[in-house]
Amino acid sequence: MSEPAITPELVARHNLTPDEYERVLQILGRTPTYTELGIFSVMWSEHCSYKNTRPLLKTLPTKGTGILVGAGEENAGIIDIGDGLAVAFKIESHNHPSAVEPFQGAATGVGGILRDIFTMGARPIAAMNSLRFGELTQPSVRRLFSGVVSGIAHYGNCFGLPTVGGEVYFDRSYEGNPLVNAFCLGVLRHGQIARGKATGVGNPVFYVGPATGRDGLAGAAFASQDLTEESAEHQRGSVQVGDPFMEKLVCEACLELLTTGAVAGIQDMGAAGLTCSTCETAARAGTGIEIELDRVPQRSPRMSSYEIMLSESQERMLIIVHRGREAEVQRIFDKWDLPWAEIGTVTDTGRMVVRHGGRVVVDVPAAKLADEAPVYQRESKEPGYLTQVRAFRFDGVPDTTQPLNVLKQLLAWPTIASKNWVYRQYDHMVRNGTVVSPGSDAAIIRIKADSLPPVAEGTPLKPVPEKLLAMTVDCNGVYVYLDPYEGGKAAVMEAARNLACSGATALGVTDNLNFANPHNPELFFQLKESLRGIGDACRALGVPITGGNCSLYNQSPAGPIDPTPTIAMVGLIDRRELITTQSFKNEGDAILLVGHLVHPSDPLQGLGGSAYLQLIHGLKTGTPPTCDLEGGVQLVEVLRALIHGGSIKSAHDCSEGGLAVAIAEACFQAPAALATPQLMGATIDLSTVTGLRTDALLFGESQHRVVVTTSAIEAGKVIAQAKALGLTAQRLGTVGGSDLVIRLSTGEFSVPVAELHDGWWNAIARLMA
Amino acid sequence: MQFAVLQFPASNCDQDCVYAAQVLGHSARLLWHKSSSLAGADAVIVPGGFSYGDYLRCGAIARFSPIMQAVAEFAAQGGLVLGICNGFQILCEAGLLPGALIRNRSLQFRCEMVHLKTLRHDTRFTSQIPANQPLRLPIAHGEGCYYASPEELALLRTRGQILWQYCDANGQTSDESNPNGSVESIAGVINEAGNVAGLMPHPDRAVEPLLGSSDGRWVLESLVHSVQRN
């Protein structure tokens with residue numbers, strides 16, 4: 001088969017700049033083959049190389065005492081959780097594939113992150129996701145939303161991975177470019193950590209899993225371009241097709257194989273498929289690797305070396321086996337009826353050599369390809385729109401005279417409304433570990449013996465002590481758009497508050513940086529500043545970042561997305577008694593607010609960037625609430641102390657929609673069963689509060705505030721404790737009855753909780769009907 | 001008491017069934033689909049999941065596996081067999097239980113708690129379930145809409161083969177409390193001989209208060225009671 005000649009046009013079509021191509025020529029000392037050009041193109045895409053973000057990522061805090069595998073070392077970070085156990089977790093985007101083919105795009109996003117976890121030797125036991133769409137009033141958005149949710153459900157449900165939490169926001173900026181970020185967490189024993197290293201010169205290299213096809217050709221390169229009008233038509237072939245059944249078998253077979261000790265190194269074939277897995281494993285081990293494409297199982301006849309190397313067919317793994325132990329691979333993969341093939345060997349040349357049809361089609365230095373991608377310091381310039389944002393004041397924005405009406409509208413606003421339409425499609429209970437289901441501030445899962453990967457037969461098993469993990473994923477993209485630095489901090493702090501509200505202590509963060517085109521200095525400013533905020537907030541909390549994913553070029557012809565650095569945070573709960581949820585528990589309990597009613601020095605009283613301004617006044621502007629780190633850390637610590645003290649019955653973070661929405665949500669418990677809501681009323685007395693706008697008091701989003709309940713008898717004690725620890729706290733009211741009653745200095749309103757619940761619970765289903 | 005829990009490729013509630021048996025103080029063993037012996041088990045659980053990827057139809061491929069031949073023989077000799085979720089689908093496909101399970105009427109997968117009314121308390125799968133109190137159990141399925149022809153339904157009714165119906169908190173059946181459009185809100189049935197039963201909800205996921213309900217124990221304890229009495 002004749003290969004195309006390497007011309008400047010062909011180089012440009014591969015998204016390599018003339019400078020980058022010059023570098024390829026220097027590395028090779030000759031013109032690349034067509035296959036080599038494809039390989040450099042995907043390995044040096046942003047998705048694989050982080051070439052635009054690497055200098056910024058280096059500023060993030062990645063060190064911590066419990067870190068067993070740190071950021072950037074391997075496919076996922078790993079943190080100690082005590083008793084010889086550890087968690088591996090990571091978040092990754094599948095935005096562009098989902099924009100083009102929502103069901104398969106989202107499904108394979110879940111598949112990819114699952115493989116990142118079991119590649120590390122961990123058993124995947126929980127998933128979350130962070131999704132962004134345009135507004136549901138658009139039929140095209142409803143199609144994307146519905147396709148993405150069913151794609152995630154399809155893959156996770158079939159695999160048997162409980163999807164325990166997540167978040168969904170709807171905003172016009174994501175209309176042509178939805179965000180689909182998939183998180184997965186696995187557990188393992190310290191001794192079970194597997195590495196993606198091609199160690200041991202002479203060791204055989206195995207390919208396991210289904211055959212390679214022409215699907216997903218160069219998906220990583222596609223993910224690193226702006227979406228255009230033509231994307232849907234031209235790029236559909238770049239979207240992979242997922243088979244969760246196959247993934248489940250591959251996972252079980254790999255975990256079983258890892259118990260034998262026959263594995264020297266293991267890596268999934270994710271982005272850039274065979275290319276990335278071979279050159280990265282060799283680069284990590286400082287070795288070389290030689291493979292023979294004629295031995296790679298192929299789904300289509302006459303595939304070219306370019307196609308085989310760049311295919312992103314799913315559910316495939318690369319395994320380096322200790323020489324002499326090949327039969328064990330064969331035995332286990334035959335048991336699971338999975339295809340396998342020995343395709344090459346580890347060498348000491350430092351080169352990645354690929355043969356096909358008796359010819360050498362690739363011969364490149366593995367480490368230079370994997371680790372020496374060009375790095376760019378992009379130009380950054382403060383966006384012009386920020387001047388107007390900062391100048392925004394309330395002139396001409398009247399205070400509300402209809403607070404109940406506003407509350408009802410906010411509760412039914414899709415971003416705030418219950419996401420049960422989404423999570424009831426996810427199996428969130430499989431594996432018998434889900435203690436707190438989707439719908440509370442953080443999901444909580446329980447780890448038990450069968451959560452762990454298998455061990456070799458005959459190994460004496462130590463009893464596995466129960467472990468409780470809390471996890472959450474958060475980011476208010478509007479805040480980041482309106483103030484990238486404060487918004488970045490706020491995303492981290494909200495995640496920390498959500499964990500604190502559930503009774504957990506944070507262990508680590510994985511971040512998914514979704515931004516627009518980095519070549520635009522104003523858009524790069526958003527990236528740079530929000531990362532500075534994330535770094536500062538993580539440092540203030542003492543919580544390390546263990547890895548993550550960058551997704552740039554998120555823009556469609558309609559414009560860039562709101563910058564959305566999604567923060568997934570995982571924490572540990574010391575014992576069952578500390579598990580805390582957001583809903584009110586008993587009649588007569590005292591409702592308290594820990595934190596300020598409204599941040600005292602904010603001229604916008606917490607309304608800048610608020611859901612209220614967006615929904616009621618159509619304004620997406622104003623400086624968002626300041627996120628002072630000292631206050632945020634203090635709140636997390638106080639909450640932890642109060643929960644450990646045993647007095648707190650419920651805790652709910654105030655976020656979008658402010659205090660009134662938080663209180664209403666706390667009136668809604670998780671339903672006992674289908675069509676059986678569990679509701680509880682409350683009376684809130686704010687009649688002595690004066691000097692504040694009503695809308696700011698009820699719907700302002702000042703940071704660092706939590707609504708908690710305690711028994712009436714302990715209310716005074718809890719307020720005193722919070723004050724002694726340096727925070728403001730006050731009693732807001734009492735739990736009881738079937739209505740929500742709110743007394744203000746300007747009057748009072750009352751509404752059956754059942755009515756609020758109906759609007760909140762069914763809002764998305766009604767829009768999707 | 002020894003349960004056998006079948007393990008097909010992509011069974012995913014196999015471990016949950018073993019765990020549930022253990023929580024109840026019994027032992028359970030996983031049996032690989034290629035095996036053709038039940039290894040002396042007292043009762044068989046066909047667990048939930050997506051056996052063989054649910055290709056073709058849910059349960060359609062699993063019924064041909066070697067282990068299912070052993071289960072059919074075990075059932076023919078009066079052995080106790082309980083199918084949960086995908087296991088229920090497999091037992092229907094294998095002809096061990098009447099009826100069929102088709103796509104949920106919503107066309108969506110559903111995972112949530114439901115209330116269940118137990119219609120008979122004199123069977124080997126329900127004897128330990130308290131009367132007049134709906135069970136709370138989780139469901140997690142995309143194809144749980146029970147279907148049987150009007151003639152079959154009439155037979156099921158006269159023979160008392162309907163064991164469980166979806167209902168509300170007061171034990172009343174209604175469209176609102178039927179999560180998948182099952183005919184007559186049927187959630188589970190028993191064979192004519194009374195030794196094979198299946199249901200879509202998951203008793204295996206409801207054995208500890210920590211996870212929200214322990215009502216599933218009543219179902220599993222009914223099996224135990226039946227085996228130990230014989």
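Residues numbered from 1 in each chain as written. Chains lettered and ligands numbered in written order. Predicted model: local features only at pLDDT ≥ 70, side-chain atom pairs only at ≥ 80, totals over all residues. Heavy atoms only, no water.

Q: Lay out the pairing of strand S13 (residues 359-365) of chain A in plain terms, naming residues and giving numbers.
A: Residue and element names in this part refer to chain A. As judged from the six bridges shared by strand S12 (residues 351-356) and S13, these two strands associate in the antiparallel manner. By the bridge assignment, Val-353 is partnered in S13 with Asp-363. Between the end of S12 and the start of S13, which pair antiparallel, lie two residues, with Gly-357 showing a positive phi angle near 60 degrees. (Pairing = 2+ DSSP bridges. Helix = DSSP H or I, 4+ residues; strand = E, 2+ residues; numbered from the N terminus.)

Q: Account for the sheet that holds strand S5 (residues 163-170) of chain A, naming residues and giving values.
A: Strand-to-strand pairing in sheets goes through backbone hydrogen bonds, with the strands running parallel or antiparallel. Residue and element names in this part refer to chain A. Strands sit in the order S1-S2-S3-S6-S4-S5 across an open sheet of six strands; the sheet is mixed. At either margin of the open sheet sits one strand with a lone partner, and together these are strand S1 (67-69) and S5. Averaged over neighbouring strand pairs, the angle between their axes works out to 25 degrees when direction is ignored. (Axes fitted to C-alpha atoms, helices over the stretch in contact; angles between N-to-C directions.)

Q: Can you break down a nonpolar patch on the surface residue by residue, with the values?
A: Together, Tyr-55, Leu-56 and Ile-61 of chain B give the surface a local cluster of nonpolar side chains, amounting to about 310 Å² of exposed area. Considering the arrangement of structural elements, one finds Leu-56 of chain B in the loop between strand S3 (43-46) and helix H2 (66-76). (Patch = residues over 30% accessible without salt bridge, like charges linked within 9 Å, V, L, I, M, F, W, Y side chains within 5 Å. Areas by Shrake-Rupley, 256 points an atom, 1.4 Å probe, with all protein chains shown as cover. Salt bridge = Lys/Arg side-chain N within 4 Å of Asp/Glu carboxyl O.)

Q: Tell me about the environment of Gln-89 of chain B, and name the residues and values.
A: Residues and elements named next belong to chain B. With respect to the secondary-structure elements, Gln-89 resides in helix H3 (residues 86-93). Taking the relative accessible area as the measure of exposure, Gln-89 reaches 6% and is therefore buried. Between the C-alpha atoms of Gln-89 and Tyr-146, which are 57 residues apart in sequence, the distance is 9.6 Å. Setting aside anything within four residues of it in sequence, one finds Gln-89 in contact with Cys-58, Leu-101, Glu-143 and Met-200. (Buried < 20%, exposed > 50% of the residue type's maximum accessible area, 1.4 Å probe, protein only. Contact = heavy atoms within 4.5 Å.)

Q: Got a sec to walk through the sheet that holds strand S26 (residues 682-686) of chain A? Specific residues and values, please.
A: Residue and element names in this part refer to chain A. Taken together, the seven strands give an open sheet; going across it, the order is S23-S27-S22-S28-S26-S29-S30, and neighbouring strands pair in mixed fashion. Looking at which strands have only one partner, the edges of the open sheet turn out to be strand S23 (650-653) and strand S30 (747-752). Taking the axes of each pair of neighbouring strands and ignoring which way they run, one obtains an average angle of 20 degrees across the sheet. In terms of strand pairing, S26 meets strand S28 (residues 729-735) through three bridges, oriented antiparallel. For Ile-684, the partnering residue across the bridge sits in S28 and is Gly-733. Helix H26 (residues 715-724) rests against strand S22 (590-594), strand S27 (706-710) and S28 of the sheet, and its axis sits at about 155 degrees to S28.

Q: Residues and numbers for the interface of chain A and chain B, please.
A: In this assembly, 37 residues from chain A lie in contact with 36 residues from chain B. Carbon and sulfur atoms supply 58% of the area buried between chain A and chain B, which totals about 3,100 Å² over both sides. Per-residue buried area on chain A facing chain B is highest for Arg-424, Asn-432 and Leu-674 of chain A; these three make up 22% of the total on that side. Here chain A is connected to chain B by three salt bridges. In this structure, Lys-34 of chain B engages Asp-337 of chain A in a salt bridge whose closest nitrogen and oxygen atoms are separated by 3.1 Å. Between chain A and chain B we count 14 residue pairs in polar contact (both at pLDDT 80 or more) in total. Class assignment of the residues belonging to the side of chain A that touches chain B gives a composition of 15 nonpolar, eight polar and 14 charged. (Buried area = accessible area lost by both parts, 1.4 Å probe. Polar contact = N/O pair within 3.5 Å; in protein donor to acceptor, adjacent residues only side chain to side chain. Nonpolar A, V, L, I, M, F, W, Y, C, P; charged D, E, K, R; others polar.)

Q: Quick rundown of the packing of aromatic side chains? Include the residues and the values.
A: Overall, the coordinates contain 17 aromatic pairs over all chains when judged by the stated rule. Where Phe-133 of chain A meets Phe-145 of chain A, the ring centres are 5.1 Å apart and the plane angle is 70 degrees; that geometry is what we call edge-to-face. Taken together, the residues Phe-133 of chain A in strand S4 (residues 123-133) and Phe-145 of chain A in helix H8 (residues 139-159) connect sequence positions 12 residues apart. The two residues Phe-133 of chain A and Phe-145 of chain A agree in class, both being buried. Here the aromatic residues Phe-133, Phe-145, Phe-170 and Trp-421 of chain A are joined through ring pairs into a cluster of three or more. Positioned above the aromatic ring of Tyr-376 of chain A, the side-chain terminus of Arg-378 of chain A is 4.3 Å from the ring centre. The cationic tip of Lys-448 of chain A hangs over the ring face of Tyr-19 of chain B; the distance from NZ or CZ to the ring centre is 4.4 Å. (Phe/Tyr/Trp six-rings, centres within 6.5 Å; stacked < 30°, edge-to-face > 60°. Lys NZ or Arg CZ within 6 Å of the ring centre and 35° of its normal.)

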